[in-house]
Amino acid sequence: MTRSPLTLLAEALADRTVECIDLTNTLSPDFPVIVLPAEFGQCAPFRMEKVSRYDDNGPAWYWNNISMNEHTGTHFDAPAHWVTGKDLPSNTVDAVPAQDFVAPAVVIDISNEAAADADFVLTRAFLEDWEAQHGEIPKRHWIALRTDWYKRVGTPDYLNLKEDGAHSPGPDGRAMEFLVHERDCVGLAVETVGTDAGQAFHFNPPLPAHSILHGNGRYGLQCLTNLDKLPTFGAMIIACPLKIEGGSGSPLRVIALVERTPA
Amino acid sequence: MGLQSPYEGVAICAPTTVPYVRFSPESAHWWAGAALQSLAQTTGLGPADIDGFCFASFSAAPDTVVGMVQHLGLSPRWMDHIPTGGASGVMALRRAARAVQCGDAEVVACVAADTNQIDSYRQTLAGFSRFSQDATYPYGFGGPNATFALITGNFMRQFGVTRETFGKLCVAQRQNALSNPLALMKTPLTLDQYMSARPISDPVHLFDCVMPCAGAEAFLVTTPEKAEELGLSSARVLATIERHNAFTEDSVQFRGGWERDREALWQRAGCVPEDMHCVQVYDDYPVIVAMQLADLGFCEKPDLTDFIAANDFTIPGSLPLNTNGGQLSAGQAGAAGGFQNLTEGLRQILRCPLGDQVPEAARALVSGFGLVNYDRGVCTGAAVLERQALR
Amino acid sequence: MTEPLPIPKRKDPLKRSRFGLVPPGLRSRAASEMATFAAQGRFVLQSCDRCRSITYPPRDRCPSCWGTLTWADQDRGARIEAVTTIRHSTDNFFRNHMPWRIGTARLDAGPVAIVHLHGEVQQGDRVRMTLRLDRGGNPALFAVPQKETPNMQDDPQLRCFTADPKHRRVLVTDGRTAIGQAIARALLKAGAQTVFLGDADPLMRYPGKAEIEAQEGIEPVSLNLTDSGSVQELAAQLGGRVDIVVNTAGFVRPGGVAFGAKLSDLQATFDLGAVGLARLAQGFAPAMSARSDDGVNSAAAFLDIVPVSGLSGQSGYAGAAASAAARLSLMSGLRGEMQQSGIRVLSVLTGPVDDDWHQDLPQPKVAPGQLARAVVHALTEGQGITCAGDVAKDLFARWQANPLLTMREENR
């Protein structure tokens, strides 16, 4: 009897030939959120107020009220997040097809470049070089941009905010056009606080990742961690945003299934 | 202002003292009942025989004379409540005497009773009066000691009186107390001890202060005929005065209402200070004793030092003063402290003292001073009593 | 001159802190009304509406003509007629502070008053009268020397009526602004031993950070009033060492109610201004209450800087004004709660400050230095309500005269 793919997966999970890697940062009040110019509305950080903890407000139970922005902590961007995706069908988190919550990833490692230059820009040329080395980026994959930026969490270097704005790596417009239209990516998954580079407001077109991803019904995953633990090909990302009615995005738990070759 | 009408057909008798204790768990009601019981023992009168009731207390709350009447089973046709502390004895006498004189009542029991429970002194102070609660006690909460310290210091400065002069009064009163078995202070006091006592609120030192305690005092006001029928010795009232809130213009109190009315007192009494065989004045602090001696006409204030030096205030002395020891040595039982001067004056002229007898005593001056509502005593009063009949 | 206060030693861990008692608190309604003027540092007595005679203690009718009475500012001159040093009291607060000096003052305004005395004041002296709040929030007359003398504020009896920062440790909740920094500097200059300077976002630089953090006496701390955990954590660290809290945090954005408003701004201003104030109080007030009378550096005051628009509302800044109103209300509640513990609860009312969020408002605006002076004044005088700047003074005066009219004037 042939065993079904899911049975095989279950066995692999059980014997640890498939491992789950947690790609999520801990939601805490001091986890940084994106900073916009002060005259714009701001992203609310994560907040937690105790309701009871085995006390007079609830003798046997512990629970908290929490609040945050849809884009706080490790989070998912739906197409409706950006003006370019405002008229697309199924563009909010409650309407995104569940099928898209599980998708393979290809990991593009720009950690050395980002370490050398916080403003490193991912270009089409870089991607073409990368494909020449590693092979073509498969269709319907998350493009996971490994920058090792997650190692800066808890330091001022994570947002890396200077007087002229934030400085963190990200793609330019042509790279995004390439990934969306020629490689049909599911979305862009990054360790930085946004899918766009820190200085992307000054790009032409500005904020190309947001603009092009969401204008074409693709997604963003931000504030990921542990992308350095994933293989270049073969990881399966499970990222299920909360089903917020009309929501533009959502904090979420992101995990990756990774095959481990036996030692 | 015309002369006060004479007190005719009035007899004061049966001075009664319920022995004081430092602290008592009992209520003012209990002490008032004890005073009436003691009065009944002396007079043979029961609740039905008493048709007038005059009551003074600080610690009977929430009751007034009304609650007390029902509590103690009286059915008087005349009653009064005297909330004036140190002036309450003279004021009770004035009111009861006129009630009897006019036939509103025939047998008036005048009773002052106060308890002293642990911490009740502090509580009494904290809510003593509106002005003291707002404007005196939050200023260091020295109680009357602090207020009278201000008065004493000012008086000493203004009239050149020293502590030694006040000390002589306190030492003499202690000497008088030693013969009184009911006095709380039972050991002699020397001037050295007085001078070296610990300071309480400068310049007031320990022996300038009374000891709060529980106790009750009472006397009977009736007609001479009734007194005779009951076989009681009695005294008559020669004259009385009363004045409240006098001399508001004085920055610090250095005189009391007596000064305004003393002429009327002596004129009505038909005698002079020197005719008094004993003087029972309110003595919460020695400065008030000195103030009364001057305000009632014994000497002028600048002469107080010489006057006090020249006189002997013990029982056999030239001017027997507070012959039971006064509150300074016998104890201050709240409002009963305002009756003590009256009962002791009465005892001396009726020849039934608690301690030693003033020789040949037939006339007594009784003076009251009460209620430090704010920065000074508000109520003053005095009475001149004379023996009527000994039985 | 007054002996300078000794620098407090570290606490002996075997010693129980002295219990933070307050003087007797029972007062008439008239005396309570006097407290509202004491809170403003005004010296008032009652004046008869008919015969103009001045009276004291607080009465409900004129003793000269039985007319009605109104509190009015009076000449501060007086002469001390009599003095006593109280060495024994049945009240536990005063027992802990014996000896205590009081006097009889003949006020130039007329009446005689029993007053607290500064240590340098003697019988016969001409003095300057002050009307203050005692530790229980009740009005108290305090006579001080006519002219400022060296270390005058260090008088131990006077110090019971102030929250003087000298030798005390102060938490300034938000040091990221020019205002917070100016206040921190002013407190150090006024003798504060340490200023714990709050930073809501230690990972994010702010203007002046390097300079202020380099200053001796400044200890940067992480404190975000919108984060309960952050407040609790700092309170756990500093609770027993903070003597004065100065809340400089606030979130002001322009906006109306129905027009030109952002609800997220409204939420932010309430969360930081009002809820944040409550978080701060819950974190620090209990520990402060427990040590309100334990020596030179006893816990003394909880001070909040709040827009004066909280009294009236303000067109164009409706949300900020509403949040300020909530803060004032919470401070009133806190004042009531702290009355039994001897911690002063003080509000400094400010007009629009000269910052990024009031660029379009006309002058005069409150400069950081002005606000810092008001804070130091409020603490050294123990004053319940202090206006910083002319706008606050003007609005507060109008509001006292006619609150409903002021609300109309400020909202059109």
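Conventions we followed
- For every chain, the first residue of its written sequence is number 1, and the numbers climb from 1 along that sequence.
- Chain letters and ligand numbers both follow the written order, the letters beginning at A and the numbers at 1.
- Predicted model: local features are reported for residues with pLDDT of at least 70 only, side-chain atom pairs are reported and counted for 80 or more only, and whole-chain, interface and lining totals are derived from all residues.
- Per the convention used, a helix needs a DSSP run of H or I reaching at least four residues, while a strand needs a run of E reaching at least two, with both numbered from the N terminus.
- Computation of the radius of gyration draws on C-alpha atoms alone. For the globule rule, the value is 2.2 Å times the number of residues to the power 0.38.
- Working definition of burial: number of other C-beta atoms within 10 Å of the residue's own, with buried at 20 or more, exposed at 12 or fewer, and partly exposed in between, all C-beta atoms being placed from the backbone.
- For every residue pair, C-beta atoms are placed from the backbone, and the pair is scored as a contact if these atoms sit within 7 Å.
- As used throughout, domain bounds are those supplied by an automatic or database domain assignment.
- Charged residues are taken to be Asp, Glu, Lys and Arg, nonpolar residues to be Ala, Val, Leu, Ile, Met, Phe, Trp, Tyr, Cys and Pro, and polar residues to be all remaining types, Gly included.
- Any two strands are treated as partners once DSSP identifies two or more bridges connecting them.
- Whenever a helix is involved, its axis is fitted only over the stretch in contact; in every case the axis is a line through C-alpha atoms, and angles between N-to-C directions fall within 0 to 180 degrees.
- Each angle is binned into one of four classes, with values under 35 degrees roughly parallel, values over 145 roughly antiparallel, values of 65 to 115 roughly perpendicular, and all other values oblique.
- To obtain the arc, one takes the directions from the helix axis to the C-beta atoms.
- Here is the rule for handedness: rotate from the far helix to the near one, and if that takes an anticlockwise turn smaller than a right angle the crossing is left-handed, while a clockwise turn gives right-handed.
- Here pLDDT means the predictor's own confidence in every residue, given as a number from 0 to 100.
- With the strands pointing away from the viewer, any crossover whose connection runs clockwise from the first strand over the helix to the second is right-handed.

### Considering the overall build of chain B
Of regular secondary structure, chain B possesses 14 helices and eleven strands. Its C-alpha atoms give chain B a radius of gyration of 19 Å, within 12% of the compact-globule value 21 Å for 391 residues. The dimensions of chain B, computed from C-alpha atoms along their principal axes, are 55 × 45 × 45 Å. Expressed as a percentage of its 391 residues, the buried residues of chain B come to 61%. Counting only contacts in chain B whose residues sit at least 6 apart along the sequence, the fraction spanning at least 24 positions is 80%.

### A word on the overall build of chain C
Within chain C, the secondary structure is distributed over eleven helices and 15 strands. For 412 residues, the compact-globule estimate of 2.2 N^0.38 gives 22 Å, and the C-alpha radius of gyration of chain C, at 22 Å, lies within 12% of that figure. Principal-axis analysis of the C-alpha atoms places the extent of chain C at approximately 60 × 55 × 35 Å. Within chain C, the fraction of its 412 residues that count as buried is 51%.

### Comments concerning the domain arrangement of chain B
A common way to state how big an interface is: give the accessible area lost once the parts meet. Residues and elements named next belong to chain B. Each assigned domain of chain B is listed with its residue range as follows: domain 1 (11-119 + 214-230) and domain 2 (143-208 + 235-389). Of note, the centres of domain 1 and domain 2, computed from C-alpha atoms alone, are 23 Å apart. The interface of domain 1 with domain 2 comprises 32 residues on the first partner and 38 residues on the second. Mapped by element, the contributors of at least two residues to the side of domain 1 that touches domain 2 are β1 (11-21), α3 (88-101), β4 (108-114) and β7 (214-222). Here the side of domain 1 that touches domain 2 is built from residues that sort into 18 nonpolar, ten polar and four charged.

### Details of the interface of chain C and chain B
With 32 residues of chain C at the interface, the matching set in chain B holds 32 residues. Broken down by element, the residue count for the side of chain C that touches chain B peaks at six residues, all from strand β4 (residues 77-86) of chain C. Residues belonging to the side of chain C that touches chain B are distributed by class as follows: 17 nonpolar, nine polar and six charged.

### Thoughts on the sheet that holds strand β2 (residues 54-55) of chain C
All names here are of chain C. If you walk across this open sheet you meet the three strands as β2-β1-β3, and the pairing is antiparallel. Since the sheet does not close on itself, it has two edges, and those belong to β2 and β3 (69-73), each with one partner. Bridge count between strand β1 (residues 44-48) and β2: two bridges; the pairing is antiparallel. Bridging from a neighbouring strand, Ser-47 pairs with Ile-54 of β2.

### Considerations on the packing of helix α10 (residues 390-401) of chain C against helix α11 (residues 403-410) of chain C
Residues and elements named next belong to chain C. At a minimum axis separation of 5 Å, α10 and α11 run at an interaxial angle of 135°. Classified by the angle between their axes, α10 and α11 sit oblique to one another. For the pair α10 and α11, contact is made by Leu-395, Arg-398 and Trp-399 and by Pro-403, Thr-406 and Glu-409, respectively.

### A few points about the domain arrangement of chain C
All names here are of chain C. The domain architecture assigned to chain C consists of domain 1 (29-156) and domain 2 (169-410). Spacing between the C-alpha centres of domain 1 and domain 2 amounts to 30 Å. At the interface, ten residues of domain 1 touch ten residues of domain 2.

### Let's talk about the interface of chain C and chain A
On the side of chain A, nine residues touch chain C, which itself brings nine residues to the contact. Top element by residues in the side of chain C that touches chain A is helix α6 (residues 228-238) of chain C. It accounts for three residues. Looking at side-chain class alone, the side of chain C that touches chain A contains two nonpolar, five polar and two charged residues.

### A look at helix α1 (residues 29-38) of chain C
Here α1 of chain C has its buried residues at Ala-31, Met-34 and Ala-38 of chain C. The arc that holds the buried residues of α1 of chain C, viewed along the axis, is 55°, so those residues lie on one side. Elements that come into contact with the buried residues of α1 of chain C comprise α5 (130-135) of chain B together with β1, β3, β7 (126-133) and β8 (139-145) of chain C.

### Digging into the sheet that holds strand β12 (residues 219-222) of chain A
Residue and element names in this part refer to chain A. Across the sheet, nine strands lie side by side as β1-β15-β13-β5-β7-β11-β12-β4-β14; this open sheet has mixed pairing. Lying at the two open borders of the sheet, with one neighbouring strand each, are β1 (18-22) and β14 (249-251). Pairwise comparison of adjacent strand axes, ignoring direction, gives a mean angle of 25° for this sheet.

### Observations concerning unusual backbone geometry
Pro-62 of chain B follows Ala-61 of chain B through a cis peptide bond whose omega is 5°. Positionally, Pro-62 of chain B belongs in the loop between β2 (52-56) and α2 (65-71). A positive phi angle is found at Asn-226 of chain A, which is not glycine, with a value near 70°. Structurally, the position occupied by Asn-226 of chain A is in the loop between β12 and β13 (235-239). Its identity is not glycine, yet Asn-322 of chain B carries a phi of approximately 45°, on the positive side. With 28 C-beta atoms packed within 10 Å, Asn-322 of chain B lands in the buried category.

### Looking at the packing of helix α4 (residues 173-182) of chain A against helix α5 (residues 208-215) of chain A
Residues and elements named next belong to chain A. One can describe the packing of α4 onto α5 by two numbers: an axis separation of 9 Å at closest approach and a directional angle of 25°. The pairing of α4 with α5 is recorded here as roughly parallel in orientation. Between α4 and α5 lies a crossing whose hand is right-handed. Counting all contacts with α4, which are made through Gly-173, Met-176, Glu-177 and Val-180, the residues of α5 involved are Pro-208, Ala-209, Ile-212 and Leu-213.

### Side note on the arrangement of the chains
In this assembly, two pairs of chains are in contact, and the pair contributing the most contacts is chains B and C. The two units chain A and chain B remain apart, with a minimum C-alpha distance of 36 Å.

### Some points on the pairing of strand β5 (residues 102-109) of chain A
Residue and element names in this part refer to chain A. Bridge analysis of β5 against β13 gives four bridges, and the strand direction is antiparallel. Residue pairing for β13: Ala-103 is matched across the bridge by Ile-237. The sheet contact formed by β5 and strand β7 (residues 142-146) spans five bridges and is parallel. Across the sheet, residue Val-107 finds its bridge partner in β7, namely Ala-144.

### Observations regarding the confidence of the model for chain C
Chain-level pLDDT for chain C is 95 on average; 100% of the residues reach the 70-or-more range. Listed scores for the predicted complex are pTM 0.91 and ipTM 0.91.

### Quick word on α6 of chain C
Here α6 of chain C has its buried residues at Ser-228, Ser-230, Val-231, Leu-234, Ala-235 and Leu-238 of chain C. Angular distribution of buried residues about the axis of α6 of chain C spans 165°; they occupy a single face of the element. Looking at the buried residues of α6 of chain C, the elements they touch are β2 (47-55) of chain A together with β9 (169-172), β10 (194-199), β11 (218-222) and α7 (263-290) of chain C.

### Comments concerning the pairing of strand β13 (residues 301-307) of chain C
Walk down a regular strand and you will see the side chains alternate between the two sheet faces. Residues and elements named next belong to chain C. For β13, a buried count of seven out of seven residues is recorded, marking the element as mostly surrounded by other parts of the structure. A two-sided burial pattern is seen for β13, the buried positions comprising Ala-301, Leu-303, Ile-305 and Pro-307 on one face and Phe-302, Asp-304 and Val-306 on the other. Both strand β12 (residues 244-247) and β13 contribute to a ladder of four bridges, which runs parallel. Opposite Asn-247, over in β13, you have Asp-304 as the bridge partner. Handedness of the crossover joining β12 and β13 through α7: right-handed. Both β13 and strand β14 (residues 344-350) contribute to a ladder of seven bridges, which runs parallel. By the bridge assignment for β14, Ile-305 is matched with Val-348.

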